[in-house]
Amino acid sequence: MENPIVDAYLYLLGLGESRFTLSELISVLEVPAVLARFELTADELERIRQWSTEVGIRWGLDGKTAQQHDLPMQESHTWLNGVRRMLLGYAMGHDHIWQDTLSYGDVEGLEASVAGKLAEFLVAINDAQAKLMESLTPKEWISTLYYLAERFFLVDEDDAFQVLLSKQLDALTLQWQQAYFDAPLDQQVIRQLLSPLLQESQGGQRFLAGRVNFCTLMPMRSVPFKVICVLGLNEGDYPRSVAPMGFDLMVGQYRSGDRSRREDDKYLFLEALMSARDCFYISYVGRSIQDNSEKNASILVSELLEYIGQSCVFDGDQTLAPDEAQKALLERLILEHPLQPFNAAYYVQSQQSAVQFDKRLYSYDDQWLPALLSVPVDNEPQAFLPLDGLEQPRLELALDELSRFIGHPARYFTQRRLKAYLSLPEEEEKEDEPFALDGLAGYQLREGLLQAMLKDDEDSFVERLSLTGALPYGALGRLSLQQSRGQCRQLLSVLQGYALEECAPIEVNLTLGSLVLQAWLDLPTATTRLSYRIGDLSAHQKMQAWIEHLALCAQGTPKQHHLINLSKTGKLLQHSFIIIPPNDAQDYLNKMLALLQQGLCQPIALPAKSADAWCKSYCASKTQEDPDIAWEQALKQYQDNSSAFTRSEVDDAYWQRYFPDLQSQKAQFVALCEQIWLPMHRHLEEME
């Protein structure tokens, strides 16, 4: 069993060459002995992980780390800059600049002690790196190695790691004393020397300790056994290949008699084969877990099978051609196991099933039997039984709640009614600084830059942007920022033509039956509302603007609503909603609210992107309201739109849970598209 303290200790031994990435140091902190040494709890570690991600820590202890890897000095994404931002935020609050450092204000109150403990840990890392960068004598190395264990790990005196470390260091000291060796040694040599001693001793177990023995292949262990099983003979794993060290003078100057790890492994395999008396069992991974493609075994296994196939034959196959006899022999020798332990092949006899299973497959695990013996269920999807409706005489509903429901009915039902959350937030620990402004990061930067331009605060925003580390380094960052500025100014010139002014928000208080829709909507000008963005308008954004437009029309305070966006191709697009009579607007809203009441009782098959694709195709002049072509486009958007940059809508956890196949919901989907989404497209016209 592996000891996490040993793994952390070996990482600390390599601090002289480390990049100090976010994931590496967080992994060290996750070791319970390290948490105890720095008086941290698991919850505090999660806060450290969150803070470190949000302040932009990627790699590097300080600016010198980049120089050690032959790169220009930089501090934007280092641990030192991140901790400075945390502590400055505690002292001054959020978003303040002091000595070229932008404060991070999430560290508040008693949590400041957590940031202090993180700083203490980084000081210890820095001191340890300084010690390990020096060439020391054997006696000095022993003191340094004990210092590392004492500085970073809090364990009991009789802990297995303490005993193991003391044992190995005492053995090294004895060897050096017997050899009268006192020359300075480099950190690489010590790590290369100590790593196998600590790792190979983790599973310390006596050989021949019982009827079944688990051990590694080692020389002089060729004791005859009735059955010998060798596991993990995968291609590339055995024979083992060891990367040469920089100080190994024997590399490239091989002579007869020099030790070769690969040749040693071949001999150990031969010893194991010769030691088997009744059975020699070989196991390897034969198929990829990602795509089920075939994978090769170790070259030793391939050579053994080739030799057996050329020299042996089963009784009764002597009359077959050599190739056929060899194929029949290997089919009997090689047994391919299914991926999962609950596969029916392990439990179902071939005569009881139409599928032919190998009789050599069997299992002693009975926990899967109830599922296999149960009555087979119909593959047809079962209809979801609606829940009881909510009885509320008068309900005040925020307008954005209706937008959330129409934007994702399945998620709304699961979270609001079932109180369940199917998709967990992904904690991605990035280890590289940004090299381009693309994806979500680029969109957020351009949105923030556009808002800063509208407030005449562009210079201050750019200064803060560089201090957060959101921009790529050097010329790449300058070019990316210049391109983003050009896009923002192109959209800004259009927005300034509307004579923007600070108007009071307009209130929505609309009674529709037993529901009251409420909201406060911004009003950039006295007569016109604006929705703008850099990039293509999403289905959810268009629907949200449509619902707000309907609410204003329904209560008798209609406003022009213009949608302006700069597409990915650089084309400026402008659309506007047609003002409609209050009765028609109330009718559209009532249909949505009725669907909302239904959506609180059962999931509704109305994915937004697919519905928007259906309406675009249905309203296009080329298709001329062809429902079949529109359905093909919706289905393609729903389940056949995955690529390196986009995901199909069915990949969403909520849609996958309720509607993995949209084909069975075609009638309901088309009817809801015509009822909910099509009116929006009918009333959205392009401006010249």
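Sequence order sets the numbering: in each chain, residues are counted from 1 along the sequence as written. This being a predicted model, a pLDDT of at least 70 is required before a residue's local features are given, and a value of 80 or more before pairs of side-chain atoms are given or counted; all residues contribute to the totals for chains, interfaces and linings. Values shown for side chains rest on all heavy atoms present in the structure; no hydrogens or waters enter the calculation.

(A) Representation of the pairing of strand S3 (residues 225-230). Here a strand pair is declared whenever DSSP counts at least two bridges between the two strands. Under the scheme used here, helices are H or I runs from DSSP no shorter than 4 residues and strands are E runs no shorter than 2 residues, and both carry numbers assigned from the N terminus. Relative to strand S4 (residues 276-282), S3 runs parallel, the two being bridged by five bridges. From the neighbouring strand, phenylalanine 225 faces S4, where its bridge partner is alanine 276.

(B) Examining the sheet that holds strand S7 (residues 515-521) more closely. Reading across the sheet, the three strands line up as S5-S7-S6 and stay open at both edges, with mixed pairing between neighbours. Unpaired on one side and paired on the other, strand S5 (395-398) and strand S6 (506-512) mark the two borders of the sheet. Going from strand to strand, the sheet's axes swing by 20° on average, the running direction of each strand aside. Relative to S7, S5 is paired through four bridges, and the arrangement is parallel. Note on S7: the bridge partner recorded for alanine 398 is glutamine 518. Contact between two residues is taken to exist if any of their heavy atoms lie within 4.5 Å; hydrogens are not considered. Structural elements are reduced to axes, namely lines fitted to C-alpha atoms, with helices fitted over the stretch in contact, and the angle between N-to-C directions of any two is expressed from 0 to 180 degrees. Against the sheet, helix H20 (residues 539-554) contacts S6 and S7, and its axis sits at roughly 75° relative to S6.

(C) Looking closely at the side chain of serine 576. Note on placement: serine 576 falls in strand S10 (residues 572-577). Each residue's exposure class comes from its accessible area (1.4 Å probe, protein chains only) as a fraction of the maximum for that residue type: buried when under 20%, exposed when over 50%, partly exposed otherwise. Note on serine 576: relative accessible area 6%, which makes it buried. Those residues within four positions of serine 576 in sequence are excluded, and the remaining contacts are His561, His562, His683, Leu684, Glu685 and Met687.

(D) Representation of the environment of glutamate 140 within the structure. Checked against the element boundaries, glutamate 140 lands in helix H8 (residues 138-152). Looking at glutamate 140, the relative accessible area reads 40%, which means it is partly exposed. On a C-alpha basis, the gap between glutamate 140 and histidine 96 in space is 46 Å, while along the polypeptide they are 44 residues apart.

(E) Representation of the pattern of salt bridges within the structure. Any carboxyl oxygen of Asp or Glu that lies within 4 Å of a side-chain nitrogen of Lys or Arg is treated as forming a salt bridge with it. Tallying each qualifying case throughout the model produces 21 salt bridges. Linking arginine 47 and glutamate 111 is a salt bridge whose minimum nitrogen-to-oxygen distance equals 3.0 Å. With arginine 47 in helix H4 (residues 42-54) and glutamate 111 in the loop between strand S2 (101-102) and helix H7 (112-132), this pair connects stretches of sequence that are 64 residues apart. For aspartate 612, the salt bridge goes to lysine 542, with nearest N and O atoms at 3.2 Å.

(F) Structural context of a nonpolar patch on the surface. The residues that make up patches have over 30% relative accessible area and no salt bridge, and they are joined within 9 Å when like-charged or within 5 Å when they are Val, Leu, Ile, Met, Phe, Trp or Tyr. The protein chains shown are the only cover counted for residues, whose accessible areas, like all others here, come from Shrake-Rupley with a 1.4 Å probe. On the surface, Tyr267, Leu270 and Met274 cluster together into a nonpolar patch covering about 350 Å² of accessible area. One can find leucine 270 in helix H11 (residues 261-275). For leucine 270, a relative accessible area of 44% puts it in the partly exposed group.

(G) Looking closely at the sheet that holds strand S8 (residues 528-534). Read across the open sheet, the four strands follow the order S8-S9-S10-S11; overall the sheet is mixed. The sheet is open, and its two edges are formed by S8 and strand S11 (684-686), each paired on a single side. The mean angle between the axes of side-by-side strands here comes to 25°, regardless of whether they run parallel or antiparallel. Bridge count for strand S9 (residues 560-566) against S10 is six bridges, and the pairing is antiparallel. Bridge assignment links leucine 566 to a residue of S10, and that residue is leucine 572.

(H) Representation of helix H6 (residues 79-92) within the structure. Expected span of a helix, by definition, is 1.5 Å for each gap between consecutive residues, and there is one gap fewer than residues. Between the first and last C-alpha of H6 there are 20 Å, a value that for 14 residues agrees with the 20 Å anticipated at 1.5 Å per step. By the burial criterion, the buried members of H6 are Trp79, Asn81, Gly82, Val83, Arg85, Met86, Leu88 and Gly89. Positive backbone phi, approximately 95°, marks glycine 93, located one or two places after H6.

(I) Structural detail: the environment of glycine 286. Tracing the backbone through its elements, the reader meets glycine 286 in the loop between S4 and helix H12 (299-311). Through-space distance from the C-alpha of glycine 286 to that of leucine 13 is 36 Å; in sequence the pair is 273 residues apart. Not counting the four nearest positions on each side in its chain, glycine 286 is found in contact with Ser293, Glu294 and Lys295.

(J) Examining the nonpolar core more closely. Here, nonpolar core means buried Ala, Val, Leu, Ile, Met, Phe, Trp, Tyr and Cys residues that are tied together by side-chain atoms lying within 4.5 Å of each other. Among the nonpolar cores identified, the biggest contains 66 residues, and Ile406, Leu589, Met592, Leu606, Trp614, Phe669 and Trp677 are the most heavily contacted of them. Sorting elements by how many residues they give to this core places H20 first, with 10 residues. With residues near it in sequence (within four places) discarded, isoleucine 406 still touches Met543, Ile547, Met592, Leu595, Leu606, Ala608, Ile676 and Trp677. Of all hydrophobic cores here, the second largest spans 61 residues; its members include Leu25, Tyr104, Trp141 and Leu198.

(K) Local environment of the packing of aromatic side chains. Each Phe, Tyr or Trp ring, with Trp reduced to its six-membered ring, pairs with another whose centre is within 6.5 Å; inter-plane angles below 30 degrees give stacked pairs, above 60 give edge-to-face pairs, and intermediate values give tilted ones. Enumeration according to the criterion identifies 17 aromatic pairs in this entry. Look at phenylalanine 342 and tryptophan 368: their rings are 5.1 Å apart centre to centre, the planes differ by 55°, and that puts the pair in the tilted class. Of the two residues, phenylalanine 342 is situated in the loop between helix H13 (322-333) and helix H14 (369-373) and tryptophan 368 in the loop between H13 and H14; the sequence distance between them amounts to 26 residues. Exposure remark for tryptophan 368: the relative accessible area of 27% places this residue in the partly exposed category. Residue placement shows arginine 19 over the ring face of tryptophan 59; its charged tip is 4.4 Å from the ring centre. Over the ring of phenylalanine 314 we find arginine 332, and its NZ or CZ is 4.6 Å from the ring centre. Geometrically, a lysine NZ or arginine CZ counts as sitting over a ring once it is within 6 Å of the ring centre and also within 35 degrees of the ring normal.

(L) Representation of empty space enclosed by the protein. Buriedness of a pocket was judged along seven lines, with at least five required to meet protein on both sides within 12 Å; pockets are open sets of points on a 1 Å grid over the protein atoms alone, cavities are sets where a 1.4 Å probe fits but cannot get out, and lining residues have an atom within 4 Å of a point. Grid points are joined across faces, edges and corners, and a volume is the space filled by probe spheres set on the points. Under the definition given, this model contains one cavity of 30 Å³ or more. Taken as a whole, the largest cavity spans an internal volume of roughly 30 Å³. Lining the largest cavity, in full, are Tyr588, Lys591, Met592, Gln675, Ile676 and Pro679. Mapped onto the lining of the largest cavity, the elements with two or more residues apiece are helix H21 (582-599) and helix H25 (666-682). For this classification, the nonpolar set comprises Ala, Val, Leu, Ile, Met, Phe, Trp, Tyr, Cys and Pro, the charged set comprises Asp, Glu, Lys and Arg, and every other residue, Gly included, is treated as polar. When the residues that make up the lining of the largest cavity are grouped by side-chain class, the tally is four nonpolar, one polar and one charged.

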